[in-house]
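A look at the structure
Residue strings, one per chain:
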Amino acid sequence: MVFGILSAAALAASGPAPTRDDAGFQSVVLALHNQERAAVGAPALLWSARLARDARTWAERLAASGVFQHDGANTSEGENLWMGTRGAFRLEDMVSGWVNEKAQFRRVRSWQANFHRVGHYTQMIWARTSAVGCALAQSARYEYLVCRYDPPGNVWNESPYDATRLAANRRIVRSGY
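Notes on the structure in this doc start here. (Residues numbered from 1 in each chain as written. Predicted model: local features only at pLDDT ≥ 70, side-chain atom pairs only at ≥ 80, totals over all residues. Heavy atoms only, no water.)

Strand order in the open sheet formed by 4 strands is β1-β3-β4-β2, with mixed pairing between adjacent strands. Here the strands that pair on one side only, and so sit at the sheet edges, are β1 (46-47) and β2 (78-85). Relative to strand β3 (residues 131-138), β1 runs parallel, the two sharing 2 bridges. Paired with W47 across the strands is V132, a residue of β3. Contacts between helix α1 (residues 25-39) and the sheet are confined to β1, β3 and β4 (142-150), with β3 contributing the most and set at about 125° to the helix. Here helix α2 (residues 49-65) sits on the sheet and contacts β1, β2, β3 and β4; the angle it forms with β3, its principal contact strand, is near 25°. (Pairing = 2+ DSSP bridges. Helix = DSSP H or I, 4+ residues; strand = E, 2+ residues; numbered from the N terminus. Contact = heavy atoms within 4.5 Å. Axes fitted to C-alpha atoms, helices over the stretch in contact; angles between N-to-C directions.)

In structure tokens:
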């Protein structure tokens, strides 16, 4: 079973947000995700045009409706959502709202026990996830960032980490390296 999480991060404004057609959008999103993944030993994500199209469809629907919710018809892709005041946030600020959940994640015994507070972050670092695609859409007042993931993370009763890599890291720590 896959669970999605909602976020309306309240971060400090630091410049205009990119449009979904911005040439740097894809590279910024990938770099931010892969930086977090590298920190926990998860393999880098690849960009998926299919996931980006799916994300764009949902982001545009959110912007048109003014409703902030997960796509209930989406049963095969992970999904992170962000919403904020139009033009007030950089892409880095939007994604950092999800990244900042790692502080909460470090304090919980299980991501499942607190998935409403850590689920964006765990989706970003989920070791079995291999691809991401994101899109940004705007209404008159708000921007909506949607990222889709394949395979989806936040699978109940599973760990976000690669068990083999974790075991190797434990051996390294124990041996003093």
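Another point: the packing of α1 against helix α3 (residues 91-99). Helix packing for two helices is described by the angle between their axes and how far apart those axes are. Across the interface, α1 lies against α3 with an axial gap of 10 Å and an inter-helix angle of 25°. Relative to α3, α1 is oriented roughly parallel. Judged by the sense of rotation from one axis to the other, the crossing of α1 with α3 is right-handed. Here F25, V28, V29, L32, H33 and E36 of α1 come into contact with α3, specifically with L91, E92, V95, W98 and V99. Of the residues contributing to the contact of α1 with α3, the split by class is 8 nonpolar, 1 polar and 2 charged. (Parallel < 35°, antiparallel > 145°, perpendicular 65-115°, else oblique. Left-handed = near helix turned anticlockwise from the far one by under 90°. Nonpolar A, V, L, I, M, F, W, Y, C, P; charged D, E, K, R; others polar.)

Moving on to the side chain of R37. Secondary-structure assignment places R37 in helix α1. Aside from chain neighbours lying at most four places away, what touches R37 is A42, P43, A44, L45, M124, I125, W126, A127 and T129.

As a further point, take the pattern of salt bridges. As enumerated under the stated definition, the model contains 10 salt bridges in all. Here R148 and E79 are joined by a salt bridge, their closest N and O atoms 2.8 Å apart. Within this pair, whereas R148 is found in strand β4, its partner E79 is found in strand β2, the two being separated by 69 residues in sequence. You can call E79 buried: its relative accessible area is 5%. (Salt bridge = Lys/Arg side-chain N within 4 Å of Asp/Glu carboxyl O. Buried < 20%, exposed > 50% of the residue type's maximum accessible area, 1.4 Å probe, protein only.)

With 20 residues, the main nonpolar core has V95, W98, L145 and C147 as its most contacted residues. Counting 12 residues, the second largest nonpolar core, distinct from the first, contains A63, F68, L81 and M83. (Core = buried A, V, L, I, M, F, W, Y, C linked by side-chain atoms within 4.5 Å.)

On to the environment of G119, then. You can see G119 is positioned in helix α5 (residues 115-125). G119 gets classed as buried once you look at its relative accessible area, which sits at 0%. Between the C-alpha atoms of G119 and K102, which are 17 residues apart in sequence, the distance is 9.4 Å.

Enumeration over the complete set of coordinates arrives at 3 aromatic pairs. Consider the rings of F68 and Y144, whose centres lie 6.5 Å apart with planes at 40°: the pair is tilted. In this pair, F68 is assigned in the loop between α2 and β2 and Y144 in strand β4, connecting sequence segments 76 residues apart. Take F68: its relative accessible area is 19%, and that puts it in the buried class. Classification of Y144 by relative accessible area gives buried; the value is 0%. Centroid distance W82 to F89: 5.0 Å. Interplanar angle 80°. Geometry classified as edge-to-face. (Phe/Tyr/Trp six-rings, centres within 6.5 Å; stacked < 30°, edge-to-face > 60°.)

Note that all results are geometric; they support no functional claim without further evidence.
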